[in-house]
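Take a look at the letters that make up each chain.
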Amino acid sequence: MKRIRIMILLIPVLCLATVIERDTLRNGLVALTVEARRIPVIEMRAYVRAGSVYDPAGREGLANIVAEMLLRGTQNRSAQEVVESIESVGGMLSAFCDEDYIGLSGKVLNKDLALLVDLLAECLRRPSFETAEFERLKSEVVSGIRAKADDPVAISTREFRRLVFQDHRLAHLPEGHDTTVAMLTASDVREFYSRKILPDNTFLVFIGDFTRDSLLKLLGGRFGDWERKEVLAIEPERPQPVSQAVGRIVPMKISQAYITLGHVGPGYGAPDWFAARLMNYMLGSRSRSYIWDRVREEKGLAYDAYSYFKRFHWGGYFAAEVQTKKEMATEAVVTVLGAIRQVQDSLRAADVARARNFYTGYFPLTIDSYSKMADLVSQVEIEGLGLNYIDRFEDYVGQVSLEQAAAAAREYLCPDRYCLLIVGDLQPEDIAIDSIEWLE
Amino acid sequence: MLNIVMLMICIQPVEIQEFTLDNGLKILVYEDHFAPVVSTQIHYRVGAYNEPLGLTGISHLLEHMAFKGTKKYGAQEYWRRIEEAGGMANAYTSANRTVYFANLGKDRYEIELELEAERMQNLLIAEAEFIPEKQVVMEERRLRENDPYGSFFEQLDLVSYSIHPYRRPIIGFMADIERISRDDLYQWYRQHYNPANAVVVIAGDVTAEEAYRAVRKHFGKIKGRTVDEIPYEEPAQRGERRFEYRKEVRTSALAIHYHTVNIVHEDVYALDVLSMILSYGLSSRFEQDIVREQGLAVTANVYHMKYKYAGSFLVFAIPQSGVKLADLEHAIHESIDRLKTIPVSAAELDKARNQTLASAVYQQDSPTGVGMRAGWWEIEAGGWRNMNRYFEEIGSVNEGDIMRVARTYFTRDNRTVGYLLPEEEE
């Protein structure tokens, strides 16, 4: 068992010392642990590198179904017994699926740690994949996807992905499509599971009121004989940007236009990520940014206006979002594009200093609870940020210069080659911007 | 039962230090030294409940304008100072409260106190800022209208309550938002924002004494004045109400509302345990029976909302593809009616109590959350001490209590049923 131990002092007021431990079992399973004593609670995450980018073509939604099926019965317990076991003691256990990972997330009082680990091991290692449960789940997921057909936010999210990523594996949301989920078979689920849910493709995170030694003993007992198998790697394909501005309108009889504008962006591992992050803070953070000030504060066009980067292992995207009265859609789009050009052309040293100040001061707020700490430790492992990440955060942010932020704006923002998705009661001719090629 | 006892041991009562300044400002301090962070909150005793007809939404609009400059600070100054300090700030309006808060490092939380004291005394509400901000709020309202369920829930409140102010939307009716003038807003501000009508909550890495001194320094000299509030009572509902709400949707939905009790009523505890049994978690009755076994719903949830003057027990369900709303409604009534005649099992009761008690422990992972709840209990629920009492009382709910409240409140005459349906073809 490999052990790495890092002592972390939180900034900026150094009164909390947090120790993150990273242990690796012989079969490759990684456990990250942080002991904490605020409340008698334990927060857990289990991540398996088997997210929706691994869905085979035509089987979109498979990873999500596999994740949910982990909780739908094991070789020892029925689906109902699994949820009863955890909920009867006031605990929580749920499945998740994102683009890169599927997994389980849980929380219990410290007295129920052994139960949580038992259930986790059963669900990950011995799911029963019972046919009746599988068919029931499929029906629930298909109905759930269809129920979102009336939600302009859900439609925007789904259709923007399609527009930006075209035929790339990131083009679909983890939940998949109603048609592809309906086509899935129990053997699809079993095959995906056997290829992907493996110890050296998995890491666990535990934060809270336990001792590391007793937890590792428990994990060794429940996971130590989980057989290591080679995980077949798929060569990453990078998503391709569009060569000119393209637009699509999804017709919906509503009073506002739900506007999403963006393009392919950086994935994990981009060396200039901190510069991009600070740059986007100035461009599109809520409350004081180029987009917010122009769209909301100066023109009163929208309740909310912001931009963000969404990153994955295989790429990512940049997006700005505004919802405005449909008659003001053109002005909103032009205003957002203007803000993007402004951040590219006239970023000031004072702006960068402002962003640095904010992130440095804000950092303790991002790890002030067990659940936030669990999310951050998970992200450290996912991105390979290093166990000293928390300790180094201030340096990473503090080293970003005006030149680096400006370079990130030029590198990662494309105000001439973007994808524009509008959900609303509009036609392309209502958007008075000539350079857009409208798609059906 | 052993489990319940163990859980009760796990729960440490929330310890809050309470102070009151001479001007009537209540101060609640919750110490939590886990992280070097402090949440500073001010809860005003004003919300949609207090608004006169014709000015609905004025409390929420005021909340927006409260970030738009004071005599001392320009329109952007609040955000500039919070941001420079690496803080996270926001505000919200509810039926009975308007809340402003900022979370900051422990060495700088006084910034928020200073800004809030200035906001309490010297808000400008400049016409130049007011006009675009009103447009922003109108866009916020349009967002709600475009949400597939937003206007449906608004209709549900309008039908369920006949005269009570809780029937009005917190954001206000569009015509009222348009109508509200700058002077209306300023008058509303002067009427409601003063120390005697507010509670300051400080939660996090501070000592009570230090927090008290800081609040006194910033607020001690502001004059306080008690604001009267009319206690409205909704007349008992005498007959089922039903309505259809047509909208351009593809998926229909069902909502059922029962009037219950205000937050300080003794039946709250049994109603809350009952709501846990029906729909909390994947092992709940609705999830197991209506979603999984019968395959009638994508989701079927219960929300027991307790307010200062009334309570609402709401069921909301979305049918699975091909399921008729009437069939879904029938199944939900059946499930609720079983509670009136068949005692819940000891295991179900234990589980619901365990879930409630465990959630009490989980909630203590966030001083911001503890502070928000303390403010809520203080203003709406007879004092923050009831927060601890609540969990003690939950532990003593029994099968008979569940059956009694089910029979009392889940009657046909006391319910309102709403169907969200696609627009009919001409």
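Since the model is a prediction, treat every value here as computed from it, not as a measurement.

Thresholds, definitions, all that
Residues numbered from 1 in each chain as written. Chains lettered and ligands numbered in written order. Predicted model: local features only at pLDDT ≥ 70, side-chain atom pairs only at ≥ 80, totals over all residues. Heavy atoms only, no water. Helix = DSSP H or I, 4+ residues; strand = E, 2+ residues; numbered from the N terminus. Rg over C-alpha atoms; globule rule 2.2 N^0.38 Å. Buried < 20%, exposed > 50% of the residue type's maximum accessible area, 1.4 Å probe, protein only. Contact = heavy atoms within 4.5 Å. Areas by Shrake-Rupley, 256 points an atom, 1.4 Å probe, with all protein chains shown as cover. Lys, Arg positive; Asp, Glu negative; His and termini not counted. Charge placed at Lys NZ, Arg CZ, Asp CG, Glu CD. Domains from an automatic or database assignment. Buried area = accessible area lost by both parts, 1.4 Å probe. Salt bridge = Lys/Arg side-chain N within 4 Å of Asp/Glu carboxyl O. Polar contact = N/O pair within 3.5 Å; in protein donor to acceptor, adjacent residues only side chain to side chain. Nonpolar A, V, L, I, M, F, W, Y, C, P; charged D, E, K, R; others polar. Axes fitted to C-alpha atoms, helices over the stretch in contact; angles between N-to-C directions. Parallel < 35°, antiparallel > 145°, perpendicular 65-115°, else oblique. Phe/Tyr/Trp six-rings, centres within 6.5 Å; stacked < 30°, edge-to-face > 60°. Lys NZ or Arg CZ within 6 Å of the ring centre and 35° of its normal. 1 Å grid on protein atoms, 1.4 Å probe; cavity = no way out; pocket = protein on both sides within 12 Å on 5 of 7 lines; lining within 4 Å. Points joined across faces, edges and corners; volume = space filled by probe spheres on them. Core = buried A, V, L, I, M, F, W, Y, C linked by side-chain atoms within 4.5 Å. Pairing = 2+ DSSP bridges.

A. Spotlight on the overall build of chain A. A tally of regular secondary structure across chain A gives 15 helices and 13 strands. Relative to the globule expectation of 22 Å for 440 residues, the C-alpha radius of gyration of chain A, 23 Å, shows essentially globular dimensions. Counting only C-alpha atoms, chain A reaches 65 × 55 × 40 Å along its principal axes. Relative to its full complement of 440 residues, chain A shows a buried share of 64%. Within chain A, contacts between residues at least 6 apart in sequence are counted, and of these 80% link residues at least 24 apart. On chain A, roughly 16,600 Å² of surface is accessible, and the fraction owed to carbon and sulfur atoms is 47%. Charge separation in chain A, taken as the distance between the mean sites of 53 positive and 62 negative side-chain charges, equals 4 Å.

B. Main features of the domain arrangement of chain B. Residue and element names in this part refer to chain B. Domain assignment breaks chain B into domain 1 (15–219) and domain 2 (241–422). On a C-alpha basis, the centres of domain 1 and domain 2 stand 29 Å from each other. Facing 39 residues of domain 1, the contacting portion of domain 2 comprises 37 residues. Both sides of the domain 1 and domain 2 interface together cover about 3,300 Å² of buried area, and 67% of this is carbon and sulfur. Among the residues domain 1 hides against domain 2, the three largest losses belong to Ile16, Phe152 and Leu156. Together they make up 19% of the total. Taken together, the connections running from domain 1 to domain 2 amount to three salt bridges. Of the charged contacts in the structure, one is a salt bridge between Glu380 and Arg97, with a shortest N-O distance of 3.3 Å. Across the contact surface, domain 1 and domain 2 share 18 residue pairs in polar contact (both at pLDDT 80 or more). Of the residues assigned to the side of domain 1 that touches domain 2, the class counts are 19 nonpolar, 13 polar and seven charged.

C. Examining the packing of helix H9 (residues 273–284) of chain A against helix H12 (residues 349–362) of chain A more closely. Residues and elements named next belong to chain A. Where H9 contacts H12, the axes come no closer than 9 Å and their chain directions differ by 105°. If you check the angle between H9 and H12, you find them roughly perpendicular. Side by side, H9 and H12 meet where Arg277, Leu278, Tyr281 and Met282 of the first sit next to Asp351, Val352, Arg354, Ala355, Arg356, Phe358 and Tyr359 of the second. Residues that form the contact of H9 with H12 fall into these classes: seven nonpolar, no polar and four charged.

D. Main features of the environment of Val242(A). All names here are of chain A. As for its position among the elements, Val242 is in the loop between helix H8 (212–223) and strand S8 (246–251). Using a relative accessible area of 13% as the deciding quantity, one classes Val242 as buried. Taking C-alpha positions, Val242 is 10.0 Å from Cys414, a pair spaced 172 residues apart along the chain. Each residue touching Val242, except ones within four places of it in the same chain, is listed here: Gln166, Arg417, Tyr418 and Cys419.

E. Structural detail: the packing of aromatic side chains. Tallying each qualifying case throughout the model produces 53 aromatic pairs over all chains. An aromatic cluster is present here, built from Tyr44(B), Phe67(B), Tyr78(B), Trp79(B), Tyr100(B), Tyr186(B), Tyr189(B) and Tyr193(B) joined pairwise through their rings. The ring of Tyr54(A) carries Lys196(A) above its face, with NZ or CZ at 3.9 Å from the centroid.

F. Region of interest: empty space enclosed by the protein. Under the criterion given, the structure shown has two cavities of 30 Å³ or more. Of the volumes computed, that of the largest cavity is approximately 80 Å³. Its residues placed into classes, the lining of the largest cavity shows six nonpolar, three polar and one charged. By volume, the second largest cavity amounts to about 50 Å³. Lining the second largest cavity, in full, are Arg38(A), Asp368(A), Asp32(B), Ala35(B), Val37(B), Val38(B), Ser39(B), Ala203(B), Pro367(B) and Thr368(B). Those elements that place two or more of their residues in the lining of the second largest cavity are strand S3 (37–44) and helix H14 (367–380) of chain B. Ranked by residues supplied to the lining of the second largest cavity, first place goes to S3(B) with three residues. Here the lining of the second largest cavity is composed, by residue class, of five nonpolar, two polar and three charged.

G. View of the side chain of Ser359(B). Residues and elements named next belong to chain B. Positionally, Ser359 belongs in helix H13 (residues 346–363). The exposure class of Ser359 is buried, given its relative accessible area of 16%. Within the structure, Ser359 has its side chain in polar contact with the backbone oxygen of Thr356 (distance 2.7 Å).

H. Local environment of the nonpolar core. Judged by nonpolar contacts, the single largest core of 88 residues is most densely connected at Leu283(A) and Leu413(A). Counting residues in each nonpolar core, the second largest holds 78 residues, with Ile42(A), Ala63(A), Val189(A) and Tyr317(A) among its members.

I. Seen up close, the domain arrangement of chain A. Residue and element names in this part refer to chain A. For chain A, the assigned domains are domain 1 (2–223) and domain 2 (246–438). Here the C-alpha centroids of domain 1 and domain 2 sit 28 Å apart. With both sides pooled, the region where domain 1 packs onto domain 2 buries about 4,000 Å², and carbon together with sulfur makes up 73% of that total. For the interface between domain 1 and domain 2, the tally reads three salt bridges. Salt-bridge contacts for Arg22 lead to Glu381; the nearest nitrogen and oxygen are separated by 2.7 Å. The interface formed by domain 1 and domain 2 includes 10 residue pairs in polar contact (both at pLDDT 80 or more).

J. View of the interface of chain A and chain B. Opposite the 67 residues of chain A that make contact, chain B presents 65 residues. For the pair chain A and chain B, the two sides together bury roughly 5,900 Å², of which 56% comes from carbon and sulfur. Looking only at chain A, the three residues that lose the most surface to chain B are Arg38(A), Asp150(A) and Tyr303(A), adding up to 12% of its buried area. One can count nine salt bridges joining chain A with chain B. Our enumeration of links across chain A and chain B arrives at 31 residue pairs in polar contact (both at pLDDT 80 or more). No other element matches the eight residues that helix H4 (residues 131–147) of chain A contributes to the side of chain A that touches chain B. For the side of chain A that touches chain B, the per-class residue count stands at 30 nonpolar, 17 polar and 20 charged.

K. Geometry of the sheet that holds strand S13 (residues 437–438) of chain A. Residues and elements named next belong to chain A. Pairing is mixed in the open sheet, where six strands are placed in the order S10-S11-S9-S12-S8-S13. Across the chains shown, the open sheet's two edge strands, defined by having one partner strand only, are strand S10 (302–312) and S13. Bridge analysis of S8 against strand S12 (residues 419–424) gives six bridges, and the strand direction is parallel. Residue pairing in the sheet places Ile249 in a bridge with Ile422 of S12.

L. Representation of the pairing of strand S10 (residues 311–319) of chain B within the structure. Residue and element names in this part refer to chain B. With nine of its nine residues buried, S10 lies for the most part within the structure. Here S10 shows two buried faces, one formed by Gly311, Phe313, Val315, Ala317 and Pro319 and the other by Ser312, Leu314, Phe316 and Ile318. Bridging between strand S8 (residues 253–259) and S10 involves six bridges; their strand directions are antiparallel. Pairing of Ala255 across the sheet is with Phe316, part of S10. Pairing of strand S9 (residues 297–306) with S10, which is carried by nine bridges, proceeds in the antiparallel orientation. For Thr299, the partnering residue across the bridge sits in S10 and is Ile318. Linking two consecutive strands that pair antiparallel, namely S9 and S10, is a turn of four residues.

M. Spotlight on the sheet that holds strand S1 (residues 16–20) of chain B. Residue and element names in this part refer to chain B. Strand order in the open sheet formed by six strands is S1-S2-S6-S3-S5-S4, and the pairing between neighbours is mixed. On the outer flanks of this sheet lie S1 and strand S4 (88–93), each paired with one strand and no other. On average, each strand axis in the sheet is inclined to that of its neighbour by 15°, with strand direction left out of account. Judged from the six bridges that link them, S4 and strand S5 (residues 98–105) form a sheet pairing that is antiparallel. Residue pairing across strands places Thr93 opposite Thr98, the latter belonging to S5. Helix-sheet contacts for helix H9 (residues 208–219) involve S1, strand S2 (26–31), S3 and strand S6 (198–204), and the interaxial angle to S2 is about 150°.

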